[in-house]
Amino acid sequence: MKRMHLIFLLLSVLNMGCFGRFTMTEREIQAHYAGRRDKPLFYTIETDSTRLFVASTGADTLPPLLLIHGAPGAWYGYIRMLDDTLLTKNYHVISIDRPGYHKSRIGGRWRKRRQQYTLKRQATTIVQALRLNHSGKPATVLGRSYGAPIAAKLAADYPALISQLYLISPAIDPDAEKFYWFSKWGKFPLVQAFLPRPLNIATHEKFTHAGELRKLLPGWQQIQAPVTVMQGGRDWIINACNFDFAKCVLEGKPANFIFLPEAGHLITNSHAELVRSLLLSPSSGTVTPVSAN
């Protein structure tokens, strides 16, 4: 019994990239924006089978900056970037809840619905968020952790819509999926009954991720936008071999590779100024491997 309790605890705290301490309640979100003049606008984009929840800041006539979170996660994982006035003066910042997470949904029974949490289905749903932008300009897309391969899938499938691609702490190598001794327990219905929905979806994604990444392999050659890849040397969630994998699949393409030896997983928070400077001075398209401290 003690072992089962430990499994529940570990699954709920450590199972996937963005942990419980980074979640925000509606009350906390309201408190964060209380008294602020600039607040996000919220939208829900619905189709017959999906509901995509979106938060945005900045004028919709500016070029779009689309932010894609990991697993689990929500739009507010990028709340600092949504609040960043330097970014919102230059971009229409769009942060989404990935399908299945927070306020976004995919319809149908769970058995059928979980078959739809594929990179392709995620990309075809998330791309609808760009309809909110009225600049007529292609988007800069930033994906973190499990959001990175979805960002890559967007760039591969919709090259005319994407001008720049940022892959931060990317989980992209199909042979480097990291499992813990307790990960398998998350697949059991009894365990799932005691865990929140986002963790169950994240667990499903984890066990299908390697297969989805193998499907993506031909797509890397279809990416036309310049790519920036950032990886932390102290990221214990995503193995650093993903950084080397990115160099291989992007060989010969316009790409920057930035390795941060002292950084952990959440580079967009720990190195916010560096990320901002890159977004405000996008790649010229030359292949430039970089190491930064």
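Residues numbered from 1 in each chain as written. Predicted model: local features only at pLDDT ≥ 70, side-chain atom pairs only at ≥ 80, totals over all residues. Heavy atoms only, no water.

Concerning the side chain of Thr268
Okay, so step 1: With respect to the helices, strands and loops of the structure, Thr268 is situated in helix α11 (residues 267–270).
Okay, so step 2: For Thr268, a relative accessible area of 2% translates into the label buried.
Okay, so step 3: In contact with Thr268, not counting residues within four places along its chain, are Tyr78, Met81, Leu142, Arg144, Ile168 and Val275. (Helix = DSSP H or I, 4+ residues; strand = E, 2+ residues; numbered from the N terminus. Buried < 20%, exposed > 50% of the residue type's maximum accessible area, 1.4 Å probe, protein only. Contact = heavy atoms within 4.5 Å.)

A closer look at the packing of aromatic side chains
Okay, so step 1: Summed over all chains, the structure comprises five aromatic pairs.
Okay, so step 2: Taking the centre distance of 5.3 Å and the plane angle of 65° together, the rings of Phe42 and Trp75 count as edge-to-face. Linking Phe42 in strand β1 (residues 41–46) with Trp75 in the loop between β3 (64–68) and α3 (79–83), this pair joins segments that are 33 residues apart in sequence.
Okay, so step 3: A relative accessible area of 41% means that Phe42 is categorised as partly exposed.
Okay, so step 4: Among the residues examined, Trp75 registers a relative accessible area of 1% and is labelled buried.
Okay, so step 5: Judged by centre distance (6.1 Å) and plane angle (90°), the rings of Phe243 and Phe257 are edge-to-face. In this pair, Phe243 sits in helix α10 (residues 241–249) while Phe257 sits in strand β9 (residues 255–260), placing the two residues 14 residues apart along the sequence.
Okay, so step 6: One aromatic cluster is present, built from ring pairs that chain together Phe42, Phe53, Trp75 and Tyr76.
Okay, so step 7: Looking at Arg144, its charged tip hangs above the ring of Tyr78, at a distance of 4.5 Å from the centre. (Phe/Tyr/Trp six-rings, centres within 6.5 Å; stacked < 30°, edge-to-face > 60°. Lys NZ or Arg CZ within 6 Å of the ring centre and 35° of its normal.)

Notes on the pairing of strand β6 (residues 139–144)
The two faces of a sheet get side chains in turn, since along a regular strand they alternate between them.
Okay, so step 1: Of all six residues in β6, six are buried; the element is thus mostly enclosed.
Okay, so step 2: Of the two faces of β6, the one carrying Ala139, Val141 and Gly143 and the one carrying Thr140, Leu142 and Arg144 are both buried.
Okay, so step 3: Direction of pairing for β3 relative to β6: parallel, over a ladder of four bridges. Opposite Leu65, over in β6, you have Thr140 as the bridge partner.
Okay, so step 4: One ladder, built from six bridges, connects β6 with strand β7 (residues 162–168); its direction is parallel. By the bridge assignment, Gly143 is partnered in β7 with Leu167.
Okay, so step 5: Where the polypeptide runs from β6 across helix α7 (residues 147–157) and back to β7, its parallel neighbour, the crossover connection is right-handed. (Pairing = 2+ DSSP bridges. Right-handed = clockwise from strand over helix to strand, strands pointing away.)

Observations regarding the nonpolar core
Okay, so step 1: Counting residues in each nonpolar core, the largest one holds 41 residues, and the members touching the most others are Leu66, Ile68, Ile96, Val141, Trp220 and Leu250.
Okay, so step 2: No other element matches the seven residues that α7 contributes to this core.
Okay, so step 3: Look past the residues within four positions of Ile96 in its chain and what remains in contact with it is Leu52, Phe53, Val54, Leu66, Leu67, Ile68, His69, Ala74, Trp75, Ile126 and Ala129.
Okay, so step 4: The next biggest cluster of nonpolar side chains, apart from the first, holds 28 residues, and it includes Trp75, Met81, Tyr91 and Ala263. (Core = buried A, V, L, I, M, F, W, Y, C linked by side-chain atoms within 4.5 Å.)

Brief notes about the confidence of the model for the protein chain
Okay, so step 1: On average, residues of the protein chain carry a pLDDT of 83, and 75% of them reach 70 or more.
Okay, so step 2: Here residues 11–21 scores under 50 on pLDDT; set against residues more than four positions off or in separate chains, the count is 34 contacts.
Okay, so step 3: Predicted confidence is poor over residues 284–293, with pLDDT under 50, and the contacts of this stretch with residues over four places away or in other chains come to 21 contacts. (pLDDT = per-residue confidence, 0-100.)

Examining helix α12 (residues 272–280)
Okay, so step 1: The set of residues buried in α12 consists of Val275, Leu278 and Leu279. Buried residues in α12, looked at end-on, bunch into an arc of 100°, giving them a common side. (Arc of directions from axis to C-beta.)

Describing the packing of helix α6 (residues 119–126) against α7
Okay, so step 1: Following both chains from N to C, one finds α6 and α7 inclined at 70°, their axes separated by 9 Å at the closest point. Between α6 and α7, the crossing angle belongs to the class labelled roughly perpendicular. Across the interface between the two elements, Leu119, Lys120, Gln122, Ala123 and Ile126 from α6 touch Pro149, Ile150, Lys153, Leu154 and Asp157 from α7.
Okay, so step 2: Considering only residue class, the contact of α6 with α7 consists of six nonpolar, one polar and three charged. (Axes fitted to C-alpha atoms, helices over the stretch in contact; angles between N-to-C directions. Parallel < 35°, antiparallel > 145°, perpendicular 65-115°, else oblique. Nonpolar A, V, L, I, M, F, W, Y, C, P; charged D, E, K, R; others polar.)

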